Protein chains: 2
Amino acid sequence: MCGGAGTRFWPFSRESRPKQFIDFFGTGQTLLQMTADRVRRLVPEENVILITNEQYAETVREQLPGISPEHILLEPARRDTAPAVLWAAHHIAARNPEASFVTLPSDHVILRETDFQEALRRGFEFVEKADRLLALGLPASYPNTSYSYIQKGDPVDQNSHLSYIKTIAEKPGKEMAEIFVRSGEFLWNAGIYLWKAKSVISAFNKDVPEMASRFDVSPDLYRGDAEMGFIADVYPKTSSLPVEYAILDRAANSYVLEANLGWSDLSTWNALHAISPKNKEGNVTQNCRSLLYDCQHCIVAAEGKKVVVVSGLKDYIVADTDNALLICPIEAEQRIRNIVNDIRERFGPEFT
Amino acid sequence: MCGGAGTRFWPFSRESRPKQFIDFFGTGQTLLQMTADRVRRLVPEENVILITNEQYAETVREQLPGISPEHILLEPARRDTAPAVLWAAHHIAARNPEASFVTLPSDHVILRETDFQEALRRGFEFVEKADRLLALGLPASYPNTSYSYIQKGDPVDQNSHLSYIKTIAEKPGKEMAEIFVRSGEFLWNAGIYLWKAKSVISAFNKDVPEMASRFDVSPDLYRGDAEMGFIADVYPKTSSLPVEYAILDRAANSYVLEANLGWSDLSTWNALHAISPKNKEGNVTQNCRSLLYDCQHCIVAAEGKKVVVVSGLKDYIVADTDNALLICPIEAEQRIRNIVNDIRERFGPEFT
């Protein structure tokens, strides 16, 4: 899934180039390319399917030239993840009715690749055995209020880290998040799901029948030009819904596998700061030649080989690109969305 | 005079491009070009003489293509202003032994052009009448500790704002500067001097005979290739000395004309801030599309059409160029020199 359009990393992420398409860590690979790489070690490239908004078609083709054009699914409208997953399930089932697949956001970071591979291996084994929907859950190490949480129900067995899903809660308040973490019953939802294509279709049929019926057509309509025509017609008419609420939160056969993946959704500068290597004053510097004097817990990111000198700042973001510079307290990062709106109004869309 | 090499406006000023060669206010003119323009309204262009370090020869020719190459005096070594003024006096006297001239720094700003022209007119009238050295002095409006001060002696007459110079004091401490300002006897030294060429030569003969004798040669040596050869030999051997201490502070015939020119030596970011238009929070923004949220008394300067967003800073400099960005408290600006040294060591001279 690589159709998201966030602005929270402005000026690095732009409307025309959201964060999955950015070389976030200055490694030479964008987050999308890193995610594709991570998957290609487990899944042959011809079985990798991308779903994105049609405005990013060209960017996706450029960044992943090895993916067959037929496997780049272009959404004609933004409808969140439920229709995207349902479309993908039909697209896959039309090619192999018994296939299982993993659904992955393309703009997250996973540091523990071996544990990730092991989790996928165990996850596929689990969902291929029966009609099951499986989420990966991360140990909730602190009360983050911008994550989605999965409450574990009964364990599947004693040693497997597999449990039923009791409920899914999105972005709890501060107090609620603290209760979640203290209880030990809640995991962070990584947004990574494993399932068979036919289990997905069956879950939609049961829990979201109206949406399911729109997509319930002959497999021939999930191939080539027919597929594009069919989707252009049906996709804009469907509801916008996240897949976890459409099926996982409602189904009786939904499970969570607890795994420590070194995961971050990189949803905010603070999340990026948390996961990045820091100097002894807690400063993170990316892609620049930096000199920090009397700075603490700052994140300084620039493009190119720029020299950045910062003196006397604490808990600040300094983010510099070719045509925009942001200097803002980390705690004010939720205002970046408003800032981007102000910029669009004042200076025009070329800066957002 | 356009040979200075300051780094206090890094990253805007660079060793290869000190501040006189920069379009400081984004008006399309560098400080040097503005100074030349200011002078050309009073002095024919063929009588404008530039003195600079030889490393800036090309820059000067580019920025002022109308100046005759013979009138661009290239210092083969840095020796402060006394040898520069003495050379210029001989260069001028060789062409017209009775000529008077005004010596001007090229990197200052003067906002009250009409008062400046009036001061020069009166100044020339005064020094052309007799053997006199004249400085322009500004009302000392606050106890600046980085300026040079001129103490007025007896007035020349009641109404002319002309006085003898009692003494010149460079960069007083805080307490001393306060005493200077309270006394009403001290003016800021603008570094602008008027005199006849022969008065300058005579003052050097009297007060700095060793230096004077080096330059006391046939007028033929102040022309064409002979001049370059002579200077290449003599200039590096002379002492380094500021002209105000070489002659003005010692001579019995030195005077000061008080004039309010709307002058700033632009020696620091703070000086630039003081002289620039501010919004109601006291912020100054230059050459950029800026959005300032909750900022006070900041100076934000960028090159090109960059968008700069700053949130929550007070008393800060934000200065952004193509390959360098500085974010630093205004009060720490005297450390910029050290910062530039650090950068040269760490990242190389291309950033300084």
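Refer to the structure printed above.
What you see is a predicted model; the values in this text were computed from it and never measured.

## A short note on the overall build of chain A
Item 1. Assigned secondary structure in chain A consists of 11 helices and 16 strands.
Item 2. Expected size for 352 residues packed as a compact globule is a radius of gyration near 20 Å; at 21 Å, chain A falls within 12% of this value.
Item 3. Along the first, second and third principal axes, the C-alpha atoms of chain A reach 60 × 50 × 35 Å.
Item 4. Considering only contacts in chain A between residues 6 or more positions apart, those separated by 24 or more positions represent 64%.
Item 5. Of the roughly 15,000 Å² of accessible surface on chain A, 48% is carried by carbon and sulfur atoms.
Item 6. Charge-centre separation for chain A: the mean point of 38 positive side chains lies 3 Å from the mean point of 47 negative side chains.

## Overview of the interface of chain B and chain A
Item 1. Taken together, the 34 residues of chain B in the interface contact 34 residues of chain A.
Item 2. Note on chain B versus chain A: buried area summed over both sides is about 2,700 Å², and carbon and sulfur give 63% of it.
Item 3. When the area that chain B buries against chain A is broken down by residue, the three leading residues are B:V307, B:L325 and B:I327, summing to 22%.
Item 4. Counting across the chain B and chain A interface gives 2 salt bridges.
Item 5. With a closest N to O distance of 2.6 Å, A:K306 and B:D320 form a salt bridge.
Item 6. Summed over the shared surface of chain B and chain A, the number is 22 residue pairs in polar contact (both at pLDDT 80 or more).
Item 7. Counting only elements with at least two residues in the side of chain B that touches chain A, the list comes to β12 (289-293), β14 (307-311), β15 (316-320), β16 (324-329) and α11 (336-347) of chain B.
Item 8. When residues of the side of chain B that touches chain A are assigned to their parent elements, the largest contribution, 6 residues, is made by β16(B).
Item 9. In this sheet, β14(B) lies alongside strand β16 (residues 324-329) of chain A in parallel orientation, the contact comprising 4 bridges. Bridged to A:A324 within β14(B) is B:V307.

## Overview of the relation of the copies chain B and chain A
Item 1. Rotating chain B by 180 degrees and moving it 0.0 Å along the rotation axis overlays it on chain A with an RMSD of 0.1 Å. In the structure described here, the two chain copies are related by an operation that fits a two-fold rotation axis. When C-alpha positions in chain B are compared against the rotation axis, the closest is assigned to B:D322, at 4.1 Å.

## Here we look at the packing of aromatic side chains
Residues and elements named next belong to chain A.
Item 1. Overall, the coordinates contain 32 aromatic pairs over all chains when judged by the stated rule.
Item 2. Seen in terms of ring centroids, Y142 and W188 are 5.2 Å apart; in terms of plane orientation they differ by 85 degrees. Their pairing is edge-to-face. Residue Y142 is found in the loop between β5 (133-139) and β6 (148-155), and its partner W188 is found in strand β8 (residues 186-196); the two are separated by 46 residues along the sequence.
Item 3. Positioned above the aromatic ring of Y255 is the side chain of R132, whose terminal nitrogen or guanidinium carbon lies 5.7 Å from the ring centre.

## Points about the pairing of β15(B)
Residue and element names in this part refer to chain B.
Item 1. Summarising burial for β15: 5 of the 5 residues are buried, a large majority.
Item 2. In β15, alternate side chains face the same way, and those of Y316, V318 and D320 on one face and I317 and A319 on the other are all buried.
Item 3. Where β15 and β16 come together, 5 bridges link them in antiparallel fashion. Across the sheet, residue A319 finds its bridge partner in β16, namely L326.
Item 4. In this structure, the hairpin formed by β15 and β16 is closed by a connection of 3 residues.

## Digging into empty space enclosed by the protein
Residues and elements named next belong to chain A.
Item 1. By the definition in use, this model includes 2 cavities of 30 Å³ or more.
Item 2. Estimates place the volume of the largest cavity at around 40 Å³.
Item 3. As for the largest cavity, its lining consists of T35, R38, L104, P105, H108, I110 and I192.
Item 4. The calculated volume of the second largest cavity comes to roughly 30 Å³.
Item 5. Each residue belonging to the lining of the second largest cavity can be placed in one class, and the counts come to 4 nonpolar, 2 polar and 1 charged.

## Describing the environment of B:A197
Residue and element names in this part refer to chain B.
Item 1. Inspection of the secondary structure puts A197 in helix α6 (residues 197-207).
Item 2. For the pair formed by A197 and M1, sequence separation is 196 residues and the distance between their alpha carbons is 16 Å.
Item 3. Excluding its chain neighbours within four sequence positions, the residues that come into contact with A197 are A89, I92, A93, A99, S100 and F101.

## So, the side chain of B:Q33
All names here are of chain B.
Item 1. With respect to the helices and strands, the residue Q33 is situated in helix α1 (residues 31-40).
Item 2. Here Q33 falls in the buried class, since its relative accessible area comes to 18%.
Item 3. Separated by 2.9 Å, the side chain of Q33 and the backbone oxygen of Q63 make a polar contact.
Item 4. With near-sequence residues (within four places) excluded, Q33 lies in contact with G28, R40, Q63 and L64.

## So, the sheet that holds β16(B)
Item 1. The sheet built from 6 strands is open, its strands ordered β12(A)-β14(A)-β16(B)-β15(B)-β13(B)-β11(B) with mixed pairing. Edge positions in the sheet fall to β12 (289-293) of chain A together with β11 (284-286) of chain B, since each has one partner strand and no second. In this sheet, adjacent strand axes meet at a mean angle of 5 degrees when their direction is disregarded.
Item 2. Its contacts with the sheet put α11(B) on β12 and β14 (307-311) of chain A together with β15 and β16 of chain B, and the angle it makes with β12(A) is roughly 145 degrees.

## So, the sheet that holds strand β11 (residues 284-286) of chain A
Item 1. Taken together, the 6 strands give an open sheet; going across it, the order is β11(A)-β13(A)-β15(A)-β16(A)-β14(B)-β12(B), and neighbouring strands pair in mixed fashion. What marks the edges here is a single partner per strand, and that holds for β11 of chain A together with β12 of chain B. The mean angle between the axes of side-by-side strands here comes to 5 degrees, regardless of whether they run parallel or antiparallel.
Item 2. Of the strands in this sheet, β15 (316-320) and β16 of chain A together with β12 and β14 of chain B touch helix α11 (residues 336-347) of chain A, which is tilted by about 145 degrees from β12(B).

## Topic: the layout of surface pockets
Residue and element names in this part refer to chain B.
Item 1. Of the volumes computed, that of the second largest pocket is approximately 1,200 Å³.
Item 2. If you trace the second largest pocket, you find 44 residues lining it, with G4, D80, T81, D107 and H108 closest to the centre.
Item 3. Elements supplying a minimum of two residues to the lining of the second largest pocket: β1 (50-53), α3 (81-95), β8 (186-196) and α9 (243-248).
Item 4. If you tally residues by element for the lining of the second largest pocket, the top one is β8, at 4 residues.
Item 5. Split into classes, the residues belonging to the lining of the second largest pocket amount to 17 nonpolar, 15 polar and 12 charged.

## What to know about the environment of A:I150
Residues and elements named next belong to chain A.
Item 1. Relative to the helices and strands, I150 is located in strand β6.
Item 2. For I150, a relative accessible area of 0% translates into the label buried.
Item 3. With 71 residues separating them in the primary sequence, I150 and R79 have C-alpha atoms 23 Å apart.
Item 4. In this structure I150 touches A135, L136, I165, T167, I168, E185, F186, L187, N189 and V256, once residues within four positions along its chain are discounted.

Quick notes on the rules
- Residues numbered from 1 in each chain as written.
- Chains lettered and ligands numbered in written order.
- Predicted model: local features only at pLDDT ≥ 70, side-chain atom pairs only at ≥ 80, totals over all residues.
- Heavy atoms only, no water.
- Helix = DSSP H or I, 4+ residues; strand = E, 2+ residues; numbered from the N terminus.
- Rg over C-alpha atoms; globule rule 2.2 N^0.38 Å.
- Contact = heavy atoms within 4.5 Å.
- Areas by Shrake-Rupley, 256 points an atom, 1.4 Å probe, with all protein chains shown as cover.
- Lys, Arg positive; Asp, Glu negative; His and termini not counted.
- Charge placed at Lys NZ, Arg CZ, Asp CG, Glu CD.
- Buried area = accessible area lost by both parts, 1.4 Å probe.
- Salt bridge = Lys/Arg side-chain N within 4 Å of Asp/Glu carboxyl O.
- Polar contact = N/O pair within 3.5 Å; in protein donor to acceptor, adjacent residues only side chain to side chain.
- Pairing = 2+ DSSP bridges.
- Least-squares fit on C-alpha atoms with pLDDT ≥ 70 in both.
- Phe/Tyr/Trp six-rings, centres within 6.5 Å; stacked < 30°, edge-to-face > 60°.
- Lys NZ or Arg CZ within 6 Å of the ring centre and 35° of its normal.
- Buried < 20%, exposed > 50% of the residue type's maximum accessible area, 1.4 Å probe, protein only.
- 1 Å grid on protein atoms, 1.4 Å probe; cavity = no way out; pocket = protein on both sides within 12 Å on 5 of 7 lines; lining within 4 Å.
- Points joined across faces, edges and corners; volume = space filled by probe spheres on them.
- Nonpolar A, V, L, I, M, F, W, Y, C, P; charged D, E, K, R; others polar.
- Axes fitted to C-alpha atoms, helices over the stretch in contact; angles between N-to-C directions.

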